[in-house]
Amino acid sequence: MPSLAGGGIRMRVIVLGAGVVGVTSAWFLAQAGHEVTVVDREPAAGLETSYANGGQISVCHAEPWANPKAPWKTLQWLGEEDAPLLFRLKMDPAQWRWGLRFLQECTPARARGNLQNLVRLGLYSRAQLQQLRADTGLHYDELSRGILHYYTDEADFDAAIPAAAAMREIGLDREVKNAAECLAIEPALAKSRLPIVGGTYTSTDESGDARKFTEELAALAASRGVAFRYQTRVTRLKQAGDRIAGVEVEYDDDGDTVTELLQADAYLVCLGSYSPLLMKQVGITLDIYPAKGYSATIPVAETDLAPTVSLTDDGYKLVFSRLGDRLRVAGTAEFNGYNLELNEVRCQALIQRTSEIFPDIAGYGDAEFWCGLRPATPGNLPYIGQSRIANLYLNTGHGTLGWTESCGSAHAIAELVSGRRPEVEFPFL
């Protein structure tokens, strides 16, 4: 095999999944000199969990779900149909195992360690995205106006102050702001029917449409030699000894189902919530469980008093991102297996809260609702690196931070596949 510049061997790599994580992984693998093929069951890139997410590049949102206060809050929300975090308890061993691991991650020491790792990865990833944008000129309704966490409850605001201090210690510029400063950063908050008591602001964070970015980057990658196999279903990993010998796929050809074995030197799993189902075939258990998130995309006119700074409503676990003439509102998490049905109560909860904060937006009646399965791990840390099978790699389990961490984790996995250690400090596999 030919050698790569800077060391390592040029390989044929198959990437499973064409969401934002899979496409960025393919891009950086190709940039590193590898021959890359991407396989996805959808007809184009970015059509599942990347389709209508919250739109934030939010290093400031790196505080893990698992923290000392989480168990009590989760119990309080049980049975509330519009709760920010809703567990629908099922006779599902994977759900119960995930829940027990989640509780283990709620100790102060574990939460602090996870926070540090997530902030490091987020900062690295944001820098990689900015460099990629500079190199390619991609546009995806991006805005670089920072992210403001606002609070309508004094207790929540008080709790955010030490969390912001902990992030500043790691190198993130999350600054505490009083109510007047919050309104100066985002004047649209002045119309809120609820009092804004304070906030925290990270001026270096960004926002943008993850689906547009994924589509544009996939097209650019294809123009530079990356092969995309769409409408191709991954059915099985074929193992031979301590290696993967191929990935079995299916696709339709004039009404007939065709089965094919795709072979490469290395295989990278970027299948989000579906990764543990595939990995189970080769005896590897991943603590990933689908957390269904909801979004509403609301048309806005220039005359609407809609925000232009990306916002996070920590009390209700919602985020707001301005995407051109649209406002994306997203959030909440529902642990209900692989169910993708839209829950009308949870959809309307997004609109209800948004209309309380931004009452003058006219487009609520034309909102488009969506839900997707975020691949959540108990401590929010993704799986990045080599599995115990030598030529099988993982880049999956990013939870709510897939868009934020995509470029960094993709650059890191390309380095690892190439036999190099990534620059960022992170517990890689």
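These numbers come from a predicted model, not from an experiment. (Residues numbered from 1 in each chain as written. Predicted model: local features only at pLDDT ≥ 70, side-chain atom pairs only at ≥ 80, totals over all residues. Heavy atoms only, no water.)

1. A few points about the nonpolar core
The nonpolar side chains of soluble globular proteins are, as a tendency, buried together. By size, the foremost hydrophobic cluster in this structure holds 56 residues, and its most contacted members are Val15, Leu29, Val38, Leu132 and Phe213. Every element with two or more residues in this core is listed here: strand 1 (12–16), helix 1 (20–31), strand 2 (35–39), helix 4 (108–136), helix 7 (210–223), strand 13 (266–269) and helix 10 (402–417). When near neighbours in sequence (up to four residues on either side) are disregarded, phenylalanine 213 contacts Val20, Thr24, Leu129, Leu132, Leu138, Tyr140, Trp403 and Cys407. (Core = buried A, V, L, I, M, F, W, Y, C linked by side-chain atoms within 4.5 Å. Buried < 20%, exposed > 50% of the residue type's maximum accessible area, 1.4 Å probe, protein only. Helix = DSSP H or I, 4+ residues; strand = E, 2+ residues; numbered from the N terminus. Contact = heavy atoms within 4.5 Å.)

2. Observations regarding the environment of lysine 177
Note on placement: lysine 177 falls in strand 6 (residues 174–178). Judged by relative accessible area, which is 21%, lysine 177 ranks as partly exposed. Along the primary structure lysine 177 and lysine 317 are separated by 140 residues, whereas in three dimensions their C-alpha atoms are 19 Å apart.

3. Some remarks on the packing of aromatic side chains
Tallied over the full model, the rule gives 13 aromatic pairs. Here tyrosine 140 and phenylalanine 213 contribute two aromatic rings whose centre-to-centre distance is 5.2 Å and whose plane-to-plane angle is 80°, an arrangement assigned as edge-to-face. Here the residue tyrosine 140 occupies a position in the loop between helix 4 and strand 5 (147–151), and phenylalanine 213 occupies one in helix 7, the gap between them amounting to 73 residues. Here the two residues tyrosine 140 and phenylalanine 213 agree in accessibility, since each one is buried. (Phe/Tyr/Trp six-rings, centres within 6.5 Å; stacked < 30°, edge-to-face > 60°.)

4. Overview of the sheet that holds strand 1
On the basis of which strands lie adjacent, the open sheet formed by six strands has the order 9-2-1-13-20-19 and mixed pairing. Only two strands of the sheet have a single partner each, and these edge strands are strand 9 (227–229) and strand 19 (383–386). Shown here is a sheet whose adjacent strand axes are inclined to one another by a mean of 20°, direction ignored. Note: strand 13 against strand 20 (residues 392–396), three bridges, orientation parallel. Note that in strand 20 the partner of valine 269 across the bridge is leucine 394. (Pairing = 2+ DSSP bridges. Axes fitted to C-alpha atoms, helices over the stretch in contact; angles between N-to-C directions.)

5. As for the pairing of strand 16 (residues 318–323)
Among the six residues that make up strand 16, six are buried, leaving the element largely enclosed by the rest of the structure. Burial along strand 16 is two-sided: Leu318, Phe320 and Arg322 facing one way and Val319, Ser321 and Leu323 facing the other are all buried. Relative to strand 16, strand 15 (residues 310–313) is paired through three bridges, and the arrangement is antiparallel. If you follow leucine 311 over to strand 16, its bridge partner there is phenylalanine 320. The antiparallel hairpin formed by strand 15 and strand 16 contains four residues in its connecting segment, where lysine 317 sits at a positive phi of about 55°. As judged from the six bridges shared by strand 16 and strand 17 (residues 326–335), these two strands associate in the antiparallel manner. Residue pairing for strand 17: phenylalanine 320 is matched across the bridge by valine 329. Between strand 16 and strand 17, which pair antiparallel one after the other, the connecting turn spans two residues, and glycine 324 there sits at a positive phi close to 65°.

6. Details of unusual backbone geometry
Here glutamine 231, not a glycine, exhibits a phi torsion of approximately 50°, which is positive. With respect to the helices and strands, the residue glutamine 231 is situated in the loop between strand 9 and strand 10 (233–240). Judged by relative accessible area, which is 52%, glutamine 231 ranks as exposed. Its identity is not glycine, yet lysine 317 carries a phi of approximately 55°, on the positive side. Relative to the elements of secondary structure, lysine 317 occurs in the loop between strand 15 and strand 16. A relative accessible area of 37% means that lysine 317 is categorised as partly exposed.

7. What to know about the packing of helix 4 against helix 5 (residues 154–170)
The N-to-C vectors of helix 4 and helix 5 enclose an angle of 55°; their axes lie 10 Å apart at closest approach. Judged by the inter-axis angle, helix 4 sits oblique to helix 5. Like other packed secondary-structure pairs, helix 4 and helix 5 cross with a definite hand, here right-handed. Across the interface between the two elements, Leu115, Gln116, Val119, Arg120 and Leu123 from helix 4 touch Ala166, Met167 and Ile170 from helix 5. (Parallel < 35°, antiparallel > 145°, perpendicular 65-115°, else oblique. Left-handed = near helix turned anticlockwise from the far one by under 90°.)

8. Focus on helix 5
Over its 17 residues, helix 5 extends 25 Å from the first C-alpha to the last, a length consistent with the 24 Å expected when each residue adds 1.5 Å. Of the residues making up helix 5, those classed as buried are Phe157, Ala160, Ala163, Ala164 and Met167. Elements in contact with the buried residues of helix 5: helix 4, strand 5, strand 6 and strand 7 (198–202). The distance from a side-chain oxygen at the start of helix 5 to the backbone nitrogen of alanine 155 is 3.0 Å, and the residue carrying that oxygen is aspartate 153. Remark: glycine 171 follows helix 5 within two positions and exhibits a positive phi of approximately 120°. (Expected span 1.5 Å × (residues − 1). Polar contact = N/O pair within 3.5 Å; in protein donor to acceptor, adjacent residues only side chain to side chain.)

9. Looking at the environment of isoleucine 288
Mapped onto the elements of the fold, isoleucine 288 is located in the loop between helix 8 (275–279) and strand 14 (289–299). Considered as a pair, isoleucine 288 and glycine 397 are 109 residues apart in the sequence and their alpha carbons are 6.1 Å apart.

10. Points about the sheet that holds strand 11 (residues 243–253)
Ordered by their spatial adjacency, three strands build an open sheet running 10-11-12, and the pairing between neighbours is antiparallel. In this open sheet, the two strands that pair with only one neighbour each are strand 10 and strand 12 (256–262). Across this sheet, the average inter-strand angle for adjacent strands is 25°, counted without regard to direction. Sheet topology note: the strand 11/strand 12 ladder contains seven bridges and is antiparallel.

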